[in-house]
Amino acid sequence: MLLLTCPCCGIAAEETELAPGGEAHLKRFGPGSSDDEFESYMFARKNPKGVHFERWRHTYGCGKWFLAARCTATLEVFGTYPAQVPAPPPEIIARIKARRPDWSPG
Amino acid sequence: MSDPVSALGHAAFDGFARIREIGPLGMITLRARADLPALPAAVAAATGLGLPAVRRIVTAGDRSIGWMSPDEWLIVLPYAEVAQTQARLAEALHGQHHLAVDVSDARAVFRIEGARAGDVLMKLSPVDQARLEPGELRRTRAAQVACALWRDGDGYTLVCFRSVAGYVMGLLTHSAQPGSEISPA
Ligand SMILES: [Zn+2]
């Protein structure tokens, strides 16, 4: 079972109260972009075994989107943070590095 | 004006807790930025209540206002006072971006009462009842549908969409069957 603390309302929400929204921090390519860029935006995902940044929505709670950093292999949650940021905040990166010394962002 | 009718005509069930469908109850959904300067005074002028903190519901007499999300509040009040309260909000927030919608007839309201009222909800929602704080409004799900609940008096008040009122009454009735209590006597 996955518990994620929603940064918008503070509830430690159980997985069934949330809706997954896929990989976080995607750069959008829309009209005017090349076919390769658009294909990558539409379909290419990192899908790592390990540290992953994800979008989640507190569907049955406050209804807001937020982002989470967790390990896809162990379900360990490193932290959650507001959706209005282009990259994971430093404190989240620090927490991941403390738990996964070999991991590096990007 | 036609007579308001509650969702299930005051359906009730006496199990190890008492389940009652109540209403009609007035409800206004208020949406605005939380930092809108005119908001606290407008809510005070319209309802006599102050804005609740995050995930809280404040009550005075037969009126309450609950925090629903960072930009949404639920005003609960007597059904007959909805139009007047909406008008007061519109006046106080004139020209400011906001929404104050009468959702009274879009919702159903239940009371779950008795010493083991919490047991009924434990089976239906992923909420740690022991950590539900006094005056906390908890939005969650009841089995497969969205709901909001809070402790009030000797039990809980639960609000859901009217279209699923029958489903929720069924859930509550089943969950309150005598012999299916969770906590020790
Ligand atoms: Zn939330």
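Please refer to the structure placed before this passage.
*Asks:* Just checking my understanding: could you explain the nonpolar core for this structure?
*Replies:* Soluble globular proteins: nonpolar side chains tend toward being buried together. By size, the foremost hydrophobic cluster in this structure holds 28 residues, and its most contacted members are Leu4(A), Trp56(A), Leu30(B), Leu39(B), Trp73(B) and Ile75(B). When residues of this core are traced back to their parent elements, those giving at least two are β5 (65–71) of chain A together with β3 (26–31), α1 (39–47), β5 (63–69), β6 (72–77) and α2 (82–92) of chain B. Among the elements that take part in this core, α1(B) stands out by supplying 4 residues, more than any other. Aside from chain neighbours lying at most four places away, what touches Trp56(A) is Leu2(A), Leu4(A), Leu18(A), Ala19(A), Pro20(A), Gly21(A), Lys64(A), Trp65(A), Phe66(A), Ala68(A) and Arg70(A). Counting residues in hydrophobic clusters, the runner-up holds 26 residues, among them Ile112(B), Val145(B), Cys160(B) and Leu171(B).

*Asks:* Looking at this structure, how should I read the interface of chain A and chain B?
*Replies:* By a widespread convention, an interface's size corresponds to the accessible area lost as its parts come together. In this complex, chain A contributes 11 residues to the contact, which on the side of chain B involves 17 residues. Between chain A and chain B, the buried area comes to about 1100 Å², and carbon and sulfur atoms account for 52% of it. Applying the counting rule to chain A against chain B returns 2 salt bridges. The partner of Arg138(B) in a salt bridge is Glu17(A), with the nearest N and O atoms 2.9 Å apart. Counting across the chain A and chain B interface gives 8 residue pairs in polar contact (both at pLDDT 80 or more). Taken together, the residues of the side of chain A that touches chain B sort by class into 5 nonpolar, 3 polar and 3 charged.

*Asks:* Help me understand the coordination of the zinc ion in this model?
*Replies:* A four-donor tetrahedral metal ideally has 109.5 degree angles, and a six-donor octahedral metal ideally has angles of 90 or 180 degrees. Residue and element names in this part refer to chain A. Here the zinc ion is held by Cys6 (SG), Cys9 (SG), His58 (ND1) and Cys62 (SG), and the distances to it run 2.1 to 2.4 Å. Classification of the site at the zinc ion rests on its 4 donor atoms, whose angles at the metal span 96 to 120 degrees, yielding the label tetrahedral. Judged by relative accessible area, Cys9 falls into the buried class, the value being 6%. The exposure class assigned to His58 is buried, which follows from its relative accessible area of 0%.

*Asks:* For this particular structure, what's the right way to read the packing of aromatic side chains?
*Replies:* Residues and elements named next belong to chain A. Counted under the stated rule, the structure contains 2 aromatic pairs over all chains. With a centroid separation of 6.2 Å and 50 degrees between ring planes, the pair formed by Phe38 and Tyr41 is classed as tilted. Here Tyr41 and Phe38 lie together in helix α1 (residues 35–43), a separation of 3 residues that amounts to about one turn. Classification of Phe38 as partly exposed rests on a relative accessible area of 37%. With a centroid separation of 6.1 Å and an interplanar angle of 55 degrees, the aromatic rings of Phe53 and Trp103 are classed as tilted. Placement of the pair is Phe53 in strand β4 (residues 51–57) and Trp103 in the segment after α2 (90–99), with a sequence separation of 50 residues. Each member of the pair, Phe53 together with Trp103, is buried.

*Asks:* Help me understand α1(B), please; the structure alone is not making it clear to me.
*Replies:* Residues three or four positions apart in an α-helix share a direction because the helix packs 3.6 residues into each turn. Residue and element names in this part refer to chain B. Among all positions of α1, only Leu39, Ala42, Val43, Ala46 and Thr47 are buried. Down the axis of α1, the buried set is contained in an arc of 100 degrees. They therefore lie on one face. Elements that come into contact with the buried residues of α1 comprise β3, β5, β6 and α2. One or two positions beyond α1, positive phi appears at Gly48, with a value near 80 degrees.

*Asks:* Mind showing me how you'd approach the sheet that holds strand β2 (residues 18–22) of chain B here?
*Replies:* Pairing between sheet strands relies on hydrogen bonds along the backbone, with the strands arranged either parallel or antiparallel. All names here are of chain B. The sheet built from 6 strands is open, its strands ordered β1-β2-β8-β11-β10-β9 with antiparallel pairing. The two strands at the open ends of the sheet, each matched to only one other strand, are β1 (12–14) and β9 (138–142). Across the sheet, the axes of successive neighbouring strands diverge by a mean angle of 25 degrees, strand direction being ignored. Relative to strand β8 (residues 107–113), β2 runs antiparallel, the two being bridged by 5 bridges. Considered in β8, the bridge of Arg20 is made with Arg111.

The rules behind the values
Residues numbered from 1 in each chain as written. Chains lettered and ligands numbered in written order. Predicted model: local features only at pLDDT ≥ 70, side-chain atom pairs only at ≥ 80, totals over all residues. Heavy atoms only, no water. Core = buried A, V, L, I, M, F, W, Y, C linked by side-chain atoms within 4.5 Å. Buried < 20%, exposed > 50% of the residue type's maximum accessible area, 1.4 Å probe, protein only. Helix = DSSP H or I, 4+ residues; strand = E, 2+ residues; numbered from the N terminus. Contact = heavy atoms within 4.5 Å. Buried area = accessible area lost by both parts, 1.4 Å probe. Salt bridge = Lys/Arg side-chain N within 4 Å of Asp/Glu carboxyl O. Polar contact = N/O pair within 3.5 Å; in protein donor to acceptor, adjacent residues only side chain to side chain. Nonpolar A, V, L, I, M, F, W, Y, C, P; charged D, E, K, R; others polar. Donors = N, O, S within 2.8 Å, 3.2 Å for Na, K, Ca; no water. Tetrahedral: all angles 85-135°; square planar, octahedral: opposite > 155°, others 65-115°. Phe/Tyr/Trp six-rings, centres within 6.5 Å; stacked < 30°, edge-to-face > 60°. Arc of directions from axis to C-beta. Pairing = 2+ DSSP bridges. Axes fitted to C-alpha atoms, helices over the stretch in contact; angles between N-to-C directions.

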